[in-house]
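Reading the structure
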Amino acid sequence: MQEHDVIIIGAGPAGLTAALYCSRAGLNTVVIEKLAPGGQAATTAQVDNYPGFPGGVMGPELTQRMEEQARSFGTEIVMAEIDSIGGQAGSFSVVAGSEQLQGKAIILASGARERPLGVPGEKEFRGRGVSYCATCDAAFFRDQKVAVIGGGDAAVEEAVYLTKFASKVSLIHRRDALRASKALQNQALDHPKMEFYWDCVVTSMNGDQRLEQVQIENVKTGEKTRLEVNGVFIYVGYLPNTEFVRDLIETDDAGYILTKEDMSTSVPGIFAAGDARAKYLRQVVTAAGDGAVAAVAVERFLDHL
Ligand code: NAP
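As the structure is a prediction and not an experimental result, all values here were calculated from the model. (Residues numbered from 1 in each chain as written. Predicted model: local features only at pLDDT ≥ 70, side-chain atom pairs only at ≥ 80, totals over all residues. Heavy atoms only, no water.)

Some remarks on the site of the ligand
Near the ligand there are 18 residues, and of these N49, D153, R175, R179 and Q283 occur at the shortest range. N49 places a side-chain nitrogen or oxygen 2.8 Å from an oxygen atom of the ligand. Between the ligand and G151 there is a distance of 3.0 Å, counted from an oxygen atom to a backbone nitrogen or oxygen. Looking at which element gives the most residues to the shell around the ligand, the answer is helix α4 (residues 153-162), with 3 residues. (Near = heavy atom within 4 Å. Polar contact = N/O pair within 3.5 Å; in protein donor to acceptor, adjacent residues only side chain to side chain. Helix = DSSP H or I, 4+ residues; strand = E, 2+ residues; numbered from the N terminus.)

A look at the state of the cysteines
Here the structure, examined in full by the defined rule, presents 1 disulfide. Here C133 pairs with C136 through a disulfide, and the sulfurs are 2.0 Å apart. Because the sign of the S-S torsion sets the handedness, a value of about 75° for the bond joining C133 and C136 places this disulfide among the right-handed ones. By relative accessible area, which is 8% here, C133 ends up buried. With a relative accessible area of 46%, C136 lands in the partly exposed category. (Disulfide = S-S within 2.5 Å. Buried < 20%, exposed > 50% of the residue type's maximum accessible area, 1.4 Å probe, protein only.)

Some thoughts on the sheet that holds strand β15 (residues 211-218)
Backbone-to-backbone hydrogen bonds join strands into a sheet, with any given pair of strands oriented parallel or antiparallel. Pairing is antiparallel across the open sheet formed by 3 strands, whose spatial order is β14-β15-β16. Among the strands making up the open sheet, the edge pair consists of β14 (200-207) and β16 (224-228). Taking the axes of each pair of neighbouring strands and ignoring which way they run, one obtains an average angle of 25° across the sheet. (Pairing = 2+ DSSP bridges. Axes fitted to C-alpha atoms, helices over the stretch in contact; angles between N-to-C directions.)

Some points on the nonpolar core
In terms of nonpolar packing, the biggest core is built from 33 residues, with V6, I8, Y50, L62, I107 and V298 touching the most fellow members. The set of elements that each furnish at least two residues to this core consists of β1 (2-9), α1 (13-24), α2 (59-72), β8 (99-108) and α6 (284-304). With 8 residues, α6 is the single largest residue contributor to this core. Excluding residues within four positions of it along the chain, I107 makes contact with V6, I7, I8, I9, A18, C22, F271, A273, A294, A295 and V298. A45, V156, V169 and Y235 belong to the second-largest nonpolar core, a separate cluster that totals 24 residues. (Core = buried A, V, L, I, M, F, W, Y, C linked by side-chain atoms within 4.5 Å. Contact = heavy atoms within 4.5 Å.)

Quick look at a positive patch on the surface
Taken together, R115, R174, R175 and R179 make up a surface patch of like positive charges. By the secondary structure assignment, R175 is in the loop between β12 (168-172) and α5 (182-189). On the basis of relative accessible area, R175 is assigned to the partly exposed category, the value being 36%. (Patch = residues over 30% accessible without salt bridge, like charges linked within 9 Å, V, L, I, M, F, W, Y side chains within 5 Å. Areas by Shrake-Rupley, 256 points an atom, 1.4 Å probe, with all protein chains shown as cover. Salt bridge = Lys/Arg side-chain N within 4 Å of Asp/Glu carboxyl O. Lys, Arg positive; Asp, Glu negative; His and termini not counted. Charge placed at Lys NZ, Arg CZ, Asp CG, Glu CD.)

Laid out in structure tokens, this is it:
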């Protein structure tokens, strides 16, 4: 069994920042990641609000730099999915596939994943017109018509990104006002390639081999519209990746981990950082901030252990 000072679960901006701080402080640090390092930020085209990058930075580039920086201080990254966490402060055991790791403290930075819309056709056409990642799939829709569902930062940001490829981007939002920041709204509202379906919900996604159209209903008038599109990008929020610790630590009703100011959870020795945590603002910069706080809290915790 491999022994570490700290085991960090998740290699997004929160986990990688925690890893950088822990390794730099001389702690033997391992990060376990089930997909690719970078987390959701690595699937974001352009990040315009991370300080230090005037003109913005591509999400994959930013997270790759974070990974490099953490590795440069000695962080080890293991690709595996967590099966179980046991033990107690000073001697936690983590089983992840064929890996068995021992750690004195744990930082949960497992992030969140896209929330599905839950309408007929969504599952069937996933990967055949239905996508949750414009950065990954936008290029497949060059000169085609696409729709984006949602009115938050993610929907509006990715809709604007999609205008670089698609001939037309229809944003479908269930209310008549966007939740997204004013800065993003300004980029979208007068964009010549964008049109808006206000007060509308998608009730089904249809096609033959690939998605061909979505059925829309106006929630105020009941009017039904069939919108011909080649692709639909769904951005209706996220679900926390915390199922594997729900029996272990306290979460809110939605499953987000409850933490104190120092990122400690209800279990001594287990800390949390980033989007998996119940918090006010989920951005790369706040995830990185959480990671730094959690790392320093771990360092102090281990000093007193
Ligand atoms: P979000 O802020 O929760 O917005 C979700 C959007 O989807 C809302 O407009 C919501 O409508 C809509 N929605 C939810 N359920 C729906 C349903 N069943 N049917 C139709 N519409 C539905 O989520 P997000 O935009 O994915 O952002 C998540 C977090 O990441 C936020 O904290 C956000 O600030 C952050 N983020 C920031 C940036 C940035 O700063 N550049 C970029 C991306 C994400 P209502 O408005 O009516 O509730």
